[in-house]
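Chain by chain, the residues:
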Amino acid sequence: MSGYILCRIFSALIVIFGVVFIVFMLIHMVPGDPVEVMLGESASSVDREMLRQTLGLDKPLTEQFYQYLYKLSQFDLGTSLHSKQPVSELLVERIPPTVELTLAALLVAFLMAFPLGILAALKKDRWQDTTAMTFSLLGISIPNFLMGPLLILLFSIMLGWFPVSGRDGLISLVLPALTLGTALAAILSRMIRASLLEVLNEDYIRTARAKGLGTARVIGLHALKNAMLPVVTLIGLQIGALLAGAVITEMVFSWPGLGQLTIESIQKRDYPVVQACILLISTTYVIINTLTDIVYGVLDPRIRLSR
Amino acid sequence: MLAQLFKRTFLAATPLVYSVLISALCIALLSCDSRQSQQAGAVIRLGISSAPVTLDPLQATDAVSSRIIRLIYQTLVEFGKDDRPIPGIASWQQLSLRHYRFTLIKKSVFHHGKPLTARDVKATYEAVLDKKTGSPQRNLLNHIERIEVPDDKTIDFYLSRNDPMFPAFLTIGIVPEDLLRQGHAFNNQPVGSGPFEFSRWPYDTELYLRRRSDAQEFELLTVKDPTIRVLKLLRGELDIIQNNLPPEHIRYLKQQAQIKFLSHSGSNYSYLGFNLQDKITSNLALRKAIAHALDKQKIIYYALGNAAHNARGFFPETHWLGADLKAWDYNPQKALKIMRALGYSEQNRLHLSYKTSSDPFRIRIATIIQSQLKKVWIDVDIRSYDWGTFYGDIKKGKFQLYSLTWVGIRTADIFRYVFHSHSLPPAGANRGRLSDKIVDQLIEQAETEADLNRQAVLYRRLQKYLNTLLAYIPLWYEDNIVFYRQNITGYQLSSDGNYDGLINTIRVSNRSTIKDKTE
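Note that the structure is a prediction, hence the values are computed from the model and not measured.

(A) Molecular detail of the overall build of chain B. Within chain B, the regular secondary structure consists of 18 helices and 21 strands. Projecting the C-alpha coordinates of chain B onto the three principal axes gives extents of approximately 85 × 75 × 40 Å. Put simply, 67% of the contacts in chain B that link residues at least 6 apart link residues at least 24 apart.

Written out as structure tokens, the structure reads:
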């Protein structure tokens, strides 16, 4: 088991290094110069060159990458080219709102997906199944940039229940969490339905029923437990996706999270901030997936043996 | 516990409703701790479309930062209604061609309690001139040879060349000398002497300022999406929004009873630019055809919600340097005639590329221009890029057509910067690569003219000549428009769209605001 875990951690480190390398190269290769954005057009070429030297942007790309790696090894993410604040401070400001939104979206997704998925599996091919799966289809199909304003129109403008946008108390978390959570709920409920349907035809379920156990006990204690494996994997993947993919939701709801910071930094060509944001998101993604793999291996020994 | 939960789940008659109810329950529980209800009505909120980058007057280049900096800091010089420089906190005398004396005429105190003196002015401008500061303003002021301070109220500027327009460049916010020496972080903890003092900046999208006269707090909240900004205004989460709204939003807001609005003609100049080194767009006849093919009035009416004025040149006619320029009127027949003379026809159409940013409004304008040019046998290929890429391409001359807007242009140095042959990027903003001896001569002649009125005559002559060259096709000056809730009064607009209106803005009654928010 320990060999399997070490192998997973080693793979994760390689992936993270790959991400660091690719992001560094890409952000430096895209057209657009941070010095131009910072100084505007009125600055003299001498001033531009001085700033370029100060920022270390005059050095060859390989040397810049080497320095970046060296600083990274000392947990120094650098300084924002624009605000001059340490990048770590910027991230510390932005992580809580993003984590808050991610957790709330997960909560919304669980609360919707489990009842819907279980109901659809139990009432297969009946109207409840069709309704639940239609809801699921809508959840997947409606993009966040449409879902967000629709929810705002209904709950903020027409009903006046929630604020339109911003991060102003927990009440302001509701609509962004619903927007982000609905799509995840849609995917999860379909996965739960499919897994449950597969498990419900197994012999041990028939045995449990033959022993006289009620539906709730059969589903709760026997079927759901075994149907959870693929669902756990999906949730692991989706947490990473939520962290990275909340950009649109954050923009619509003016939520001061990592997504907004990433987009703004890309537009300003603020290299250190972009690199740090993507590194953070990808590292989280990799850690969650590695943990998922490890948990999966623990739950199902056949998986680690086959590798 | 788990079994009970599932039992309840399955036994529920309408599980669909059940899931919604649980979500609503959790939401209600989460909502108990709302801060908003505690703060409703206390702060006046201005919605802005992009966050300020820095609050350091020595470093700011973007419009939003500059507008906020104006509230926090004071400047030696301001601009009057016709955009002539007028005294800010100092009046001036030109003692010789290269010697200006400024005298502080207003007693001012910095927000940290120290009085503003001539030494603070000297320290500020010396910091701008110091290469280590890396101020983007340095290039404009690098003809300051030295600064002397005979007493606490007097500052002498000695120049290395004649510059009758020199006072117009002294619009940088004055920072306190003591904090400057200590390396204070003005970018996120500004200390000025203006009517507003910095309160807090918890996120770059939420900036709080306090008005010194009555301690009224203001929040400048960044809401990028114009639709969301409008919805927040309607619901009372914002009190004021200004500019950057699509025409349909402007029309909609004008119909809302609880919203008031003001508009003011603006000075921000939108134009269509050409690459004058490109073998196709360098042809003056073609540029004339394009100028005649554009129906600007229709674009202004339909795409800008009639919130713009037709432009003929860099400066509006109300500007003291504004010239009476010939209009390139809409005349598609004339355009077709020119195109025919150039050898094009319905079958043999011209293909041009048009670069623009990825801003939806700019793409919409590009699409309309594409449609109008199609009628004169020009097929336009629109290429939209994110701002960094677009701006980079424009500066490198990788374009045939593009459109941009000059914001906050008030002084005649813009002509050297944009049209002189020595101002090719990165040395300037001659993006179209215009190289014309007469233009260069007129600019140089005007710059060396010591008398302001004679200088104005030369600049007007230059504008007329530039208008015949069509290096730019002037499009429009977008109006400034502000929408605010009924309980807000005192806000006033200016031609450059600054936020100075906040100085006199008050909420009529806090009680009515809370009522508004709960309704």
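(B) Structural detail: the packing of helix H10 (residues 284-293) of chain B against helix H12 (residues 332-341) of chain B. Residues and elements named next belong to chain B. For the pair H10 and H12, interaxial distance at closest approach is 7 Å and the crossing angle is 155°. Relative to H12, H10 is oriented roughly antiparallel. In this structure, the crossing between H10 and H12 has a hand that is left-handed. Facing Ala285, Lys288, Ala289, His292 and Ala293 of H10, the residues of H12 in contact are Pro332, Lys334, Ala335, Ile338 and Met339. Of the residues that constitute the contact of H10 with H12, the class distribution is seven nonpolar, one polar and two charged.

(C) Representation of the nonpolar core in the model. Counting 187 residues, the largest nonpolar core has Ala105, Val108, Ala109, Ala177 and Cys277 of chain A together with Ile473 of chain B as its most contacted members. Per-element accounting of this core gives the leading share, 18 residues, to helix H5 (residues 87-122) of chain A.

(D) Quick look at unusual backbone geometry. One non-glycine residue, aspartate 125 of chain A, adopts positive backbone phi at about 65°. If you trace the backbone, aspartate 125 of chain A turns up in the loop between H5 and helix H6 (127-141). Positive phi values are uncommon outside glycine, yet asparagine 306 of chain B reaches one of about 60°. Mapped onto the elements, asparagine 306 of chain B comes out in the loop between helix H11 (296-303) and strand E14 (308-310).

(E) Inspection of the domain arrangement of chain A at higher detail. Taken as a whole, chain A is organised into domain 1 (2-73) and domain 2 (95-256). The gap between the C-alpha centroids of domain 1 of chain A and domain 2 of chain A is 38 Å.

(F) Inspection of the environment of valine 109 of chain B at higher detail. Residues and elements named next belong to chain B. Relative to the elements of secondary structure, valine 109 occurs in the loop between strand E5 (99-104) and helix H5 (118-129). Of the residues examined, valine 109 has 11 C-beta atoms within 10 Å and is grouped as exposed. Sequence separation between valine 109 and arginine 212 is 103 residues; the distance between their C-alpha atoms is 11 Å. Aside from chain neighbours lying at most four places away, what touches valine 109 is Pro115, Leu116 and Ser193.

(G) Here's a closer look at the sheet that holds E5 of chain B. All names here are of chain B. Reading across the sheet, the four strands line up as E4-E5-E7-E6 and stay open at both edges, with antiparallel pairing between neighbours. On the outer flanks of this sheet lie strand E4 (90-96) and strand E6 (144-151), each paired with one strand and no other. Each strand axis lies, on average, 20° off the axis of its neighbour in the sheet, ignoring direction. Relative to strand E7 (residues 154-159), E6 runs antiparallel, the two being bridged by five bridges. Of the residues in E7, the one forming a bridge with isoleucine 144 is leucine 159. Against the sheet, H5 touches E5, E6 and E7, its axis set at about 165° to E6.

(H) Geometry of the sheet that holds strand E13 (residues 269-274) of chain B. Residue and element names in this part refer to chain B. Strand order across the open sheet formed by six strands is E14-E18-E13-E17-E15-E16, with mixed pairing between neighbours. Two strands lie at the open edges of the sheet, namely E14 and strand E16 (378-385), each paired on one side alone. For this sheet, the mean inter-axis angle between neighbouring strands, taken without regard to orientation, is 25°. Relative to strand E18 (residues 472-478), E13 runs antiparallel, the two sharing five bridges. Within the sheet, the bridge partner assigned to tyrosine 271 lies in E18 and is proline 474. Across the sheet, H11 is in contact with E14 and E18; its angle to E14 comes to roughly 175°. Along the sheet, helix H13 (residues 360-374) makes contact with strand E15 (350-357), E16 and strand E17 (401-406), crossing E16 at roughly 170°.

Conventions used here
Residues numbered from 1 in each chain as written. Chains lettered and ligands numbered in written order. Predicted model: local features only at pLDDT ≥ 70, side-chain atom pairs only at ≥ 80, totals over all residues. Helix = DSSP H or I, 4+ residues; strand = E, 2+ residues; numbered from the N terminus. Contact = placed C-beta atoms within 7 Å. Axes fitted to C-alpha atoms, helices over the stretch in contact; angles between N-to-C directions. Parallel < 35°, antiparallel > 145°, perpendicular 65-115°, else oblique. Left-handed = near helix turned anticlockwise from the far one by under 90°. Nonpolar A, V, L, I, M, F, W, Y, C, P; charged D, E, K, R; others polar. Core = buried A, V, L, I, M, F, W, Y, C linked by C-beta atoms within 7 Å. Buried ≥ 20, exposed ≤ 12 C-beta atoms within 10 Å, placed from the backbone. Domains from an automatic or database assignment. Pairing = 2+ DSSP bridges.

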